[in-house]
Amino acid sequence: MTTLPMFPLGSVLFPYMPLQLRVFEERYLIMLARVLDSEPAEFGVVLIERGQEVGGGERRFSIGTVARVTQLDAPEGYLGLVVQGERRIEVTEWMPEDPHPLATVRELPDLEWDDALLPRREQAEHLVRRTLSLASEFADQEWSPDVELSHDPTAAAWQLAAIAPVGPLDQIALLRSDTMAALLDNIIELTEAAAESLSW
């Protein structure tokens, strides 16, 4: 167990994935000043279940990801940063805010790759790319169907989870996967459902 400063967001951060943030709220500027004063510069990210990012009082999911600060920029009026998703965490207790959210968390085990999963990984990748291509006919997508994935199979599996054209609740289900096989199966199942909804 460890205590981490927390940043509830309206989006899910996955391991091995970058995320751009613009920070202007005072309590999070204080949090980042503290985070950047320590090594490694890390905080937790969880998805907001209900409520808003600004002002507090929101309900939050308990599953999340440690974010490591990799880039920092300070234009006038806000702080811009890029973070990289690292380890998955589960919030065991929310602490009193100081002035930003704080939580006691436990790290979830890393998912272990097995080369026997390669056919399933290839099936998931083909399906995600095809569905991204289909979805792009209806609206602009955050990710291109031909986005490049990591050569590391574990990283690539998490990247597929992140780029799959599914909603935040489905992304939380993916983040909760307790084995690599379950992650790939969930990617396939949820992406197939997304593809079916696009075909109606």
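Our subject is the structure that appears above.
None of these values were measured; they are calculated from a predicted model.

Trainee: Talk me through the overall build of the chain; I want residue IDs and the actual numbers.
Mentor: Check the secondary structure of the chain and you find 5 helices and 6 strands. Starting at the N terminus and walking to the C terminus, you meet the elements of the chain as β-β-α-β-β-β-β-α-α-α-α. Taken over the C-alpha trace, the chain has a radius of gyration of 17 Å; the compact-globule value for 200 residues is 16 Å, and the two agree within 12%. Dimensions of the chain along its principal axes, counting C-alpha atoms only, are 45 × 35 × 30 Å. By residue count, 46% of the 200 residues in the chain fall in the buried class. Sequence separation of 24 or more characterises 64% of the internal contacts of the chain that already satisfy a separation of 6 or more. Carbon and sulfur atoms make up 48% of the accessible area of the chain, which amounts to about 10600 Å² in all. Averaging the locations of the 15 positively and 34 negatively charged side chains of the chain gives two centres separated by 4 Å.

Trainee: Provide a residue-level description of the nonpolar core, including the pertinent values.
Mentor: In this structure, Phe14, Ile163, Leu174, Leu183 and Ile187 are the most contacted members of the largest nonpolar core, which totals 34 residues. Counting residues per element, the ones that place at least two in this core are strand E4 (59-73), helix H2 (118-135), helix H3 (153-163), helix H4 (168-175) and helix H5 (180-199). Lining this core are residues from two domains, each supplying at least three of them: domain 1 (2-107) and domain 2 (115-198). Aside from chain neighbours lying at most four places away, what touches phenylalanine 14 is Thr65, Gly85, Trp158, Ala161, Ala162, Gln171, Leu174 and Leu175.

Trainee: Go over helix H1 (residues 26-36) with me, naming the residues and quoting the values.
Mentor: Listing the buried residues of H1 in full gives Arg27, Tyr28, Met31, Leu32 and Val35. Each buried residue of H1 sits inside an arc of 135° when the element is viewed along its axis, so together they form one side. Its buried side turned inward, H1 meets strand E1 (2-9), strand E2 (18-23), strand E3 (42-50), E4 and strand E5 (79-95).

Trainee: Tell me about the pairing of strand E6 (residues 102-107), and please be specific about residues and values.
Mentor: Sheet topology note: the E1/E6 ladder contains 4 bridges and is antiparallel. Bridge pairing links threonine 2 to valine 105 in E6. Note: E5 against E6, 6 bridges, orientation antiparallel. Bridge pairing in E6 links isoleucine 89 to glutamate 107. If you look at the hairpin formed by E5 and E6, you'll find 6 residues sitting between the two strands.

Trainee: Before we move on, can you summarise the packing of aromatic side chains with the specific residues and values?
Mentor: For the structure shown, the criterion picks out 3 aromatic pairs. On the numbers, 4.2 Å between centres and 5° between planes, the contact of phenylalanine 7 with tyrosine 28 is stacked. You can see phenylalanine 7 sitting in strand E1 and its partner tyrosine 28 sitting in helix H1, a full 21 residues away along the chain. Each member of the pair, phenylalanine 7 as well as tyrosine 28, carries the same accessibility label: buried. Summarising the aromatic geometry, the rings of phenylalanine 7 and phenylalanine 43 are spaced 6.0 Å apart at their centres and angled 45° between planes, so their arrangement reads as tilted. With phenylalanine 7 in strand E1 and phenylalanine 43 in strand E3, this pair connects stretches of sequence that are 36 residues apart. A residue is classified by how much of its surface remains accessible, and phenylalanine 7, at 6% relative accessible area, is buried. Residue class for phenylalanine 43 comes out buried when judged on its relative accessible area of 0%. Put simply, the rings of Phe7, Tyr28 and Phe43 touch in pairs and so form one group of aromatic residues. One cation-aromatic arrangement involves arginine 60 over tryptophan 94; the distance from NZ or CZ to the ring centre is 4.3 Å.

Trainee: Before we move on, could you go through the packing of H2 against H3 and cite the residues and values that matter?
Mentor: Between H2 and H3, the shortest axis-to-axis distance is 10 Å and the interhelical angle comes to 30°. Regarding the angle of H2 to H3, the classification is roughly parallel. When the axes of H2 and H3 are compared, the crossing they make is left-handed. Across from Arg121, Ala124, Glu125, Val128 and Leu132 in H2, the residues of H3 making contact are Pro153, Ala156, Leu160 and Ile163. Among the residues making up the contact of H2 with H3, the classes are represented as 7 nonpolar, no polar and 2 charged.

Cut-offs and rules
Residues numbered from 1 in each chain as written. Predicted model: local features only at pLDDT ≥ 70, side-chain atom pairs only at ≥ 80, totals over all residues. Heavy atoms only, no water. Helix = DSSP H or I, 4+ residues; strand = E, 2+ residues; numbered from the N terminus. Rg over C-alpha atoms; globule rule 2.2 N^0.38 Å. Buried < 20%, exposed > 50% of the residue type's maximum accessible area, 1.4 Å probe, protein only. Contact = heavy atoms within 4.5 Å. Areas by Shrake-Rupley, 256 points an atom, 1.4 Å probe, with all protein chains shown as cover. Lys, Arg positive; Asp, Glu negative; His and termini not counted. Charge placed at Lys NZ, Arg CZ, Asp CG, Glu CD. Core = buried A, V, L, I, M, F, W, Y, C linked by side-chain atoms within 4.5 Å. Domains from an automatic or database assignment. Arc of directions from axis to C-beta. Pairing = 2+ DSSP bridges. Phe/Tyr/Trp six-rings, centres within 6.5 Å; stacked < 30°, edge-to-face > 60°. Lys NZ or Arg CZ within 6 Å of the ring centre and 35° of its normal. Axes fitted to C-alpha atoms, helices over the stretch in contact; angles between N-to-C directions. Parallel < 35°, antiparallel > 145°, perpendicular 65-115°, else oblique. Left-handed = near helix turned anticlockwise from the far one by under 90°. Nonpolar A, V, L, I, M, F, W, Y, C, P; charged D, E, K, R; others polar.

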